[in-house]
Amino acid sequence: MIYKNDFNEFVDGSKGYTGCTFTNDSQNGGVVGTKIDSFHGTSMQIVDLHNTKDSYQIDGYFELRNRILKGKYIFEFELYPVSELTSFFTMTPYSSGSAGEDFFTIFGKNIKVGSPHNDNVGYRGELGLGKWNKIQIMLDFDNSTYALYLNGKQLDDKKYLDAAKALTRISFKTYSIDTINHGDIYIDNVCFYKTDKEPNK
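Not measured: the values here are computed from a predicted model. (Residues numbered from 1 in each chain as written. Predicted model: local features only at pLDDT ≥ 70, side-chain atom pairs only at ≥ 80, totals over all residues. Heavy atoms only, no water.)

Asks: A description of the overall build of the protein should follow, citing residues and the corresponding values.
Replies: In terms of helices and strands, the protein carries 0 helices and 17 strands. Against the globule reference of 17 Å for 201 residues, the protein gives a C-alpha radius of gyration of 16 Å, in line with a compact fold. Counting only residues that meet the buried cut, the protein has 54% of its 201 residues in that class. Pairs at least 24 residues apart make up 66% of the contacts formed inside the protein by residues separated by at least 6 positions. (Helix = DSSP H or I, 4+ residues; strand = E, 2+ residues; numbered from the N terminus. Rg over C-alpha atoms; globule rule 2.2 N^0.38 Å. Buried < 20%, exposed > 50% of the residue type's maximum accessible area, 1.4 Å probe, protein only. Contact = heavy atoms within 4.5 Å.)

Asks: An account of the state of the cysteines is needed here, citing residue identities and associated values.
Replies: Under the definition given, this model contains 0 disulfides. C20 takes part in no disulfide bond, and the closest cysteine sulfur to it belongs to C191, at a distance of 12 Å. The exposure class assigned to C20 is buried, which follows from its relative accessible area of 9%. With relative accessibility at 10%, the residue C191 sits in the buried group. (Disulfide = S-S within 2.5 Å.)

Asks: With reference to specific residues and values, describe the packing of aromatic side chains.
Replies: The final tally for this structure, using the stated rule, is 19 aromatic pairs. Geometrically, the ring pair formed by F62 and F75 is tilted, given 6.3 Å between the ring centres and 50° between the ring planes. Residue F62 is located in strand β5 (residues 56-68), and its partner F75 is located in strand β6 (residues 72-81); the two are separated by 13 residues in the primary sequence. With a relative accessible area of 0%, F62 lands in the buried category. The buried category is assigned to F75, whose relative accessible area is 1%. Note on F75 and F192: the rings are 6.5 Å apart at their centroids and 45° apart in plane angle, and the pair reads as tilted. Taken together, the residues F75 in strand β6 and F192 in strand β17 (residues 185-194) connect sequence positions 117 residues apart. The pair formed by F75 and F192 is uniform in burial state, with each residue classed as buried. Sitting over the ring of Y123, K112 keeps its end group 5.2 Å from the ring centre. Positioned above the aromatic ring of Y61 is the side chain of R169, whose terminal nitrogen or guanidinium carbon lies 3.7 Å from the ring centre. (Phe/Tyr/Trp six-rings, centres within 6.5 Å; stacked < 30°, edge-to-face > 60°. Lys NZ or Arg CZ within 6 Å of the ring centre and 35° of its normal.)

Asks: Tell me about the side chain of T90, and please be specific about residues and values.
Replies: Mapped onto the secondary structure, T90 falls in strand β7 (residues 85-95). The class of T90 is buried, set by a relative accessible area of 8%. In this structure, T90 is in contact with D102, F104, T105, P116, S171, F172 and K173, ignoring residues within four places of it in sequence.

Asks: Describe the layout of surface pockets, and please don't skip the residues or the numbers.
Replies: Roughly 200 Å³ of volume is contained in the largest pocket. T90, T92, D102, S171 and K173 are the residues nearest the centre of the largest pocket, which is lined by 15 residues in total. Elements with a minimum of two residues in the lining of the largest pocket: β5, β7 and β16 (167-176). Its residues assigned to classes, the lining of the largest pocket shows 6 nonpolar, 6 polar and 3 charged. (1 Å grid on protein atoms, 1.4 Å probe; cavity = no way out; pocket = protein on both sides within 12 Å on 5 of 7 lines; lining within 4 Å. Points joined across faces, edges and corners; volume = space filled by probe spheres on them. Nonpolar A, V, L, I, M, F, W, Y, C, P; charged D, E, K, R; others polar.)

Asks: Tell me what's going on with the nonpolar core, and back it up with residues and numbers.
Replies: With 45 residues, the main nonpolar core has F89 and F104 as its most contacted residues. When residues in this core are grouped by element, the largest group, 5 residues, is from β5. Setting aside chain neighbours within four positions, we find F89 in contact with I46, L79, F104, T105, I106, F172, K173, T174, I185 and I187. (Core = buried A, V, L, I, M, F, W, Y, C linked by side-chain atoms within 4.5 Å.)

Asks: Outline unusual backbone geometry, listing residues and values.
Replies: The backbone of R65 shows a phi angle near 70°, a positive value even though the residue is not glycine. Relative to the elements of secondary structure, R65 occurs in strand β5. Notably, N189 is not glycine yet its phi reads approximately 50°, a positive angle. Note that N189 resides in strand β17.

Honestly, it's all geometry; don't read function into it.
Right under this line is the structure:
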């Protein structure tokens, strides 16, 4: 296991947390530890700040500590959207401090591979609202590809893995530019591990 985080001791972004780096409004109430059910214990809540701020940016990083250069890996986590998201939520690979193309984008209750600004790729999956969803990314560094899975189903063809130097961290990001309700998100059981098998095989 390269990375594992269940957030059981997590309090909030201002205090930091092992394996994570928090920036911008993640340090100011945007990320907190919350118990949503007894099975998961404490989860990381990305807080809707629209009642306190006209605009905000909530982001941070899962720090892998290792430099991933070759082999096959799965990055996975559970995500619980309370309601449809009115701002984009993305996760992005970083190589030696430089961002690659977004792994995926969530908007409303829909998810797609890649950046929110890539109009050539449509939304392929639908998240369950008010419930846990499992998101997995199969990364093949030997062939420079990755594939996105939602609840065990591959959502699109394999895409180019833009992490040429070495994958060192994976970011999450959402924001609001007005007072529209963004919607709370919970994240738990973040893992990154080496494997030769595709998800659920």
